[in-house]
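The primary structure of each chain is shown beneath.
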Amino acid sequence: MHEMGIVNSVLDAVRAEAGRFPGGHICKVGLRVGELAGVAPEAMSFCFEALVRGSEFEPLELEIEYCPRRHRCAACGKLFGATADGAECPDCGAGGARFAGGDELEIAYWEVEDGASAGRT
Amino acid sequence: MERVPVERKVLNENERVAATLRARFAEHNILCLNLISSPGSGKTTLLERTLASFPPGERVAVLTGDIQTENDARRLARFGFPVRQITTGGTCHLDARMIERALADWRLEEIELLLIENVGNLVCPSSYDLGEAAKIVLLSVTEGEDKPLKYPSIFFKSELLALTKTDLLPHLRYDIRAAEENARKIQSGIRIVRTSCLSREGLQEWFGWLDARRRAFSAPPVAVF
């Protein structure tokens, strides 16, 4: 269970970036979490709630894009979702597809609300 | 509302420290290996056999991580090589900063092989780069053939899988071929060695791999995950 530490790293990044948006604030952080990242998205959401509630970050929201393992066919170039049962290309049937993603653990974006629009809502 | 693309790794502070460590290891020609497994799979015992195979004066050092106790360091220190325990005090993995601190007063120019025994855990250590040249995953034959499918991350990121405790196979209903096939489904090129520290099956093969890896490391760099 290391999701708490990982969420802390996300919040450190939010804190460090906050100064870049004078008059505004980061209201949502978007993460990309791969199947092979070794991180459970549900546990991350739970830790995020626990750390943000009642903190300086409130009402910060979290959005997680889960990224399944992908392979690219060495023969025809097709990108496809790899299953645990093998890496055969669903189009041409060739084996030996190469890993093409699924180990992401990245901050994809911030959503920033400026002070004026925050006032209007 | 404005969406600002960021595109950075969540653990970029750990990655930064790990990159510094990797550069220091390269500068001193140190091959660093990160051993990862569930608790009780036999990391410490494999390290004991490995250290026992080296002649006195071999330039090898060990960092061993646990949540509590100095037991592993005591076991490993008997072989006369530098060993240091890292107690994490609750944290379920080692991170790059812990390695940096543990190495602070060691003379890196006296080390050629640095073996890191991670905290027993098949999940969390896979997320933290320690600056190693390669991760080694251990899986004992009492753990279930489907572990590579259940915990794919570490099997995907490791260069070598040591299947351990194979002396127990006659007493188990364990399909070792299925375990190997499952590991290869996650990473087709993973090197697999069947080992027993009791019967000594596979130990020569492991020592041979280690020796070849050290020689390859002091030659031009090899691309590893």
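As the structure is a prediction and not an experimental result, all values here were calculated from the model.

Novice: Give a description of the nonpolar core that names residues and reports values.
Specialist: Where a protein is soluble and globular, its nonpolar side chains tend to be buried together. Formed by 79 residues in total, the largest nonpolar core has its most connected members in B:Ile99, B:Leu115 and B:Ile116. In this structure B:Ile116 touches B:Cys32, B:Leu33, B:Asn34, B:Leu35, B:Leu63, B:Leu94, B:Ile99, B:Leu130 and B:Glu132, once residues within four positions along its chain are discounted.

Novice: Tell me about helix 2 (residues 41–52) of chain A, and please be specific about residues and values.
Specialist: Residues and elements named next belong to chain A. The first and last C-alpha atoms of helix 2 sit 16 Å apart over 12 residues, in line with the 16 Å expected at 1.5 Å per residue. Within the span of helix 2, buried status applies to Met-44, Cys-47 and Phe-48. End-on, the buried residues of helix 2 take up no more than an arc of 105°, which puts them together on one face. The exposed set on the far side of helix 2, more than 90 degrees from its buried face, consists of Glu-42, Glu-49 and Ala-50. Summarising the contacts, the buried residues of helix 2 are in contact with helix 1 (3–17) and strand 2 (61–67). Note on helix 2: the residue one or two positions beyond its end, Gly-54, has a positive phi of about 75°.

Novice: How would you explain the environment of B:Asp72 if you had to name every residue and give the values?
Specialist: Residues and elements named next belong to chain B. Within the secondary structure layout, Asp-72 lies in helix 3 (residues 71–77). Asp-72 gets classed as buried once you count the C-beta atoms within 10 Å, which come to 22. Sequence spacing of Asp-72 and Arg-84 is 12 residues, and the spatial spacing of their C-alpha atoms is 9.2 Å. The residues touching Asp-72, leaving out its near neighbours within four places in the chain, are Thr-44, Thr-64, Asp-66, Gln-85 and Glu-117.

Novice: Describe in detail the sheet that holds strand 2 of chain A, supporting the description with residues and values.
Specialist: Taken together, four strands build an open sheet; the order of strands is 2(A)-1(A)-6(A)-1(B) and the sheet is mixed. Because the sheet does not close on itself, it has two edges, and the strands there are strand 2 of chain A together with strand 1 (2–9) of chain B. With direction set aside, neighbouring strand axes in the sheet form an average angle of 20°. Relative to strand 1 of chain B, strand 6 (residues 105–114) of chain A runs antiparallel, the two sharing six bridges. Residue A:Val112 lies in a different strand from strand 1 of chain B, and its bridge partner there is B:Glu2. On top of the sheet, helix 1 of chain A reaches strand 1 (24–34) and strand 6 of chain A; it is set at about 145° to strand 1 of chain A, its chief contact.

Novice: An account of the pairing of strand 7 (residues 158–164) of chain B is requested, with residue identities and associated values reported.
Specialist: Residue and element names in this part refer to chain B. For strand 7, a buried count of six out of seven residues is recorded, marking the element as mostly surrounded by other parts of the structure. As judged from the six bridges shared by strand 6 (residues 134–140) and strand 7, these two strands associate in the parallel manner. Across the sheet, residue Lys-135 finds its bridge partner in strand 7, namely Ser-158. Here strand 7 runs beside strand 8 (residues 191–194); their pairing, made up of four bridges, is parallel. In the strand pairing of strand 8, Ala-162 is matched with Val-193.

Novice: Can you lay out the sheet that holds strand 3 (residues 60–66) of chain B for me, pointing to particular residues and giving the numbers?
Specialist: Residue and element names in this part refer to chain B. With parallel pairing, the seven strands of this open sheet are ordered in space as 4-3-5-2-6-7-8. Only two strands of the sheet have a single partner each, and these edge strands are strand 4 (83–87) and strand 8. When strand polarity is set aside, the average angle formed by the axes of neighbouring strands in this sheet is 20°. Here strand 2 (residues 31–36) runs beside strand 6; their pairing, made up of four bridges, is parallel. Looking at the pairing, Ile-36 lines up with Val-137 of strand 6.

Cut-offs applied
In this numbering scheme, every chain counts its residues from 1 along its sequence in written order. Ligands are numbered from 1 and chains lettered from A, in the order in which they are written. Residue-level local features of this predicted model are given only where pLDDT is at least 70; pairs of side-chain atoms are given and counted only at 80 or more, and the full residue set underlies all totals for whole chains, interfaces and linings. Take the buried Ala, Val, Leu, Ile, Met, Phe, Trp, Tyr and Cys residues, join any whose C-beta atoms are within 7 Å, and the set you get is a nonpolar core. Buried means a residue has 20 or more other C-beta atoms within 10 Å of its own C-beta, exposed means 12 or fewer, and partly exposed covers the counts in between; C-beta atoms are placed from the backbone. Throughout, a residue-residue contact means that the two C-beta atoms, derived from backbone geometry, are no farther apart than 7 Å. Going along the chain from the N terminus, every DSSP run of H or I of four or more residues is numbered as a helix, and every run of E of two or more is numbered as a strand. A helix's residues, less one, multiplied by 1.5 Å, set its expected span. To be clear, the arc concerns the directions from the helix axis to the C-beta atoms. Should DSSP find at least two bridges between two strands, the strands are regarded as paired. Under this scheme, a helix contributes an axis fitted over its contacting stretch, all axes are lines through C-alpha atoms, and angles between N-to-C directions fall in the 0 to 180 degree range.

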